[in-house]
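Observations on the three-dimensional arrangement
Here are the chains, one letter per residue:
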Amino acid sequence: MKFFIDTANLEQIQEAQDLGVLDGVTTNPSLMAKEGITGEKNIRDHYLKICELVDGDVSAEVIATDFEGIVKEGEALADIHPQIIVKVPMIKEGVKALKYFSNHGIKTNCTLVFSPGQALLAAKAGATYVSPFIGRIDDISSNGLELIEKIRLIYDNYGFETEILAASIRHTMHVIECAEIGANVITGPLSSITGLLKHPLTDIGLEKFLADYRKGNS
Ligand code: G3P
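Attention in this report is confined to the structure presented alongside it. As the structure is a prediction and not an experimental result, all values here were calculated from the model. What you see as residue numbers is a count from 1 along each chain, following the sequence as written. In view of the model being predicted, local features appear only for residues whose pLDDT reaches at least 70, and side-chain atom pairs are presented and counted only at 80 or more, with totals across whole chains, interfaces and linings using the full set of residues. Excluded from the side-chain calculations are hydrogens and water; all other atoms, namely the structure's heavy atoms, are used.

Quick notes on the overall build of the protein
Stated formally: A run of DSSP states H or I qualifies as a helix once it reaches four residues; a run of E qualifies as a strand once it reaches two. Both are numbered from the N-terminal end. The cut-offs for exposure are 20% and 50% of the maximum accessible area for each residue type, with area from a 1.4 Å probe on protein chains only; residues under the lower value are buried, those over the upper are exposed, and the others partly exposed. Contacts between residues were defined by any pair of non-hydrogen atoms, one from each residue, lying within 4.5 Å. For the area figures, the Shrake-Rupley method with a 1.4 Å probe applies, and any residue is considered shielded solely by the protein chains shown. Residues scored as charged are limited to Lys and Arg (positive) and Asp and Glu (negative), so that His and the chain ends carry no count. By convention, charge coordinates are those of NZ in Lys, CZ in Arg, CG in Asp, or CD in Glu.
Along the backbone of the protein there are 11 helices and 8 strands. By principal-axis analysis of the C-alpha atoms, the protein measures approximately 75 × 40 × 30 Å. A buried classification covers 45% of the 218 residues belonging to the protein. Pairs at least 24 apart in sequence give 56% of the contacts found in the protein among residues at least 6 apart. Roughly 11,300 Å² of accessible area belongs to the protein as shown, and the carbon and sulfur atoms make up 54% of that amount. Each charge sign in the protein was given a centre, from 20 positive and 30 negative side chains, and these centres are 1 Å apart.

Considerations on helix 5 (residues 92-103)
Counted only if it meets this: Residue count minus one, scaled by 1.5 Å, sets the expected span of a helix.
With 12 residues, helix 5 extends 17 Å between its outermost C-alpha atoms, agreeing within 8% with the 16 Å of an ideal straight helix rising 1.5 Å per residue. Elements that come into contact with the buried residues of helix 5 comprise helix 4 (67-80), strand 4 (84-89), strand 5 (108-113) and helix 6 (116-124). Just downstream of helix 5, G105 is the residue with a positive phi angle, here 70°.

A word on the site of the ligand
Short version of the rule: Note on definitions. A residue lies near a molecule or strand when any single heavy atom of the residue is within 4 Å of it. As used in this structure description, the phrase polar contact means that two N or O atoms lie within 3.5 Å; if the pair is within protein, one of them must be able to donate a hydrogen and the other to accept it, and residues adjacent in sequence are counted only when both atoms belong to side chains. Only Asp, Glu, Lys and Arg are considered charged in this grouping, and only Ala, Val, Leu, Ile, Met, Phe, Trp, Tyr, Cys and Pro are considered nonpolar; every other residue, Gly among them, is considered polar.
Surrounding the ligand, one finds D6, N28, K87, F133, R136, A167, S168 and R170. Measuring from an oxygen atom of the ligand, one finds a side-chain N or O atom of K87 at 3.3 Å. R136 has a polar side-chain atom sitting 2.7 Å from an oxygen atom of the ligand. Burial of the ligand by the protein chains amounts to 83% of its free accessible area of 310 Å². Taken together, the residues of the shell around the ligand sort by class into 2 nonpolar, 2 polar and 4 charged.

Digging into the packing of aromatic side chains
Cut-off, in case you're wondering: Centres within 6.5 Å are what make two rings of Phe, Tyr or Trp a pair, Trp counting through its six-membered ring; a difference in plane orientation under 30 degrees is then read as stacked, over 60 as edge-to-face, and the rest as tilted.
Going through the model one piece at a time under the given rule, you end up with 6 aromatic pairs. For the pair F4 and Y129, a centre-to-centre distance of 5.7 Å together with 75° between the ring planes defines the contact as edge-to-face. Within this pair, whereas F4 is found in strand 1 (residues 2-6), its partner Y129 is found in strand 6 (residues 129-132), the two being separated by 125 residues in sequence. With respect to class, F4 is no different from Y129; both count as buried.

Side note on the pattern of salt bridges
A side chain of one charge can pair with a side chain of the opposite charge when the charged atoms of the two come close. So the rule is basically this: What makes a salt bridge here is a side-chain nitrogen of Lys or Arg within 4 Å of a carboxyl oxygen of Asp or Glu, nothing more.
The tally for this structure, following the rule as stated, stands at 8 salt bridges. In this structure, the salt-bridge partner of D45 is K41, at a minimum N-O distance of 2.8 Å. Taken together, the residues D45 and K41, both in helix 3 (residues 40-53) and 4 residues apart, mark about one turn of the helix. The shortest N-O distance in the salt bridge between K215 and D212 comes to 3.4 Å. Of the two residues, K215 and D212 are both situated in helix 11 (residues 200-216); the distance of 3 residues between them amounts to about one turn of the helix. Take K215: its relative accessible area is 62%, and that puts it in the exposed class.

Functional significance is not addressed by these values, which are geometric in nature.
Spelled out as structure tokens, the structure:
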């Protein structure tokens, strides 16, 4: 299972990278804006910095919504660095672009996926990753994890190679439940990954081991 971090914040990306378990980064226009990164050149430079920090895939999202625009922008993004994955929205023009990129050897991440049918289309179009947004589904009183289960079943039924990238992860339990279902990748905030470390019995046990060591060596 791959761990991606869902941020454009370089300090958090570095912290996750230093932990030694990071496989990549996902970004979106909202996350870039949150870091104050605006303008084509600054955005390109920021993607390059992220690629230099991590070893794995870095999703960079297109802004265009027409086929020609998505292709032009996606090709320019892919040219920035070999680690760049072109993030394309799940719209009709996006599906056409996914197929184009797949035919031209450019890796993609199909984003804004909220239904099994959309995930099926993304796989048919040859997307490298599909990003179902589980947190946003939970936000509207539905069940994001059920969507991951349905996509897993559909992909396994037909042997689709598109990787399920569970996105909009909000907390550590989402990560664990996605692992149980068999999502290929999760992307979430740093806290959803570092939360996996935590157990009170670990802290209590360590404190006792160290206290006993000190007693024996004093
Ligand atoms: O990057 C896409 C997705 O992970 C967004 O998450 O928290 O804005 O719903 P969120």
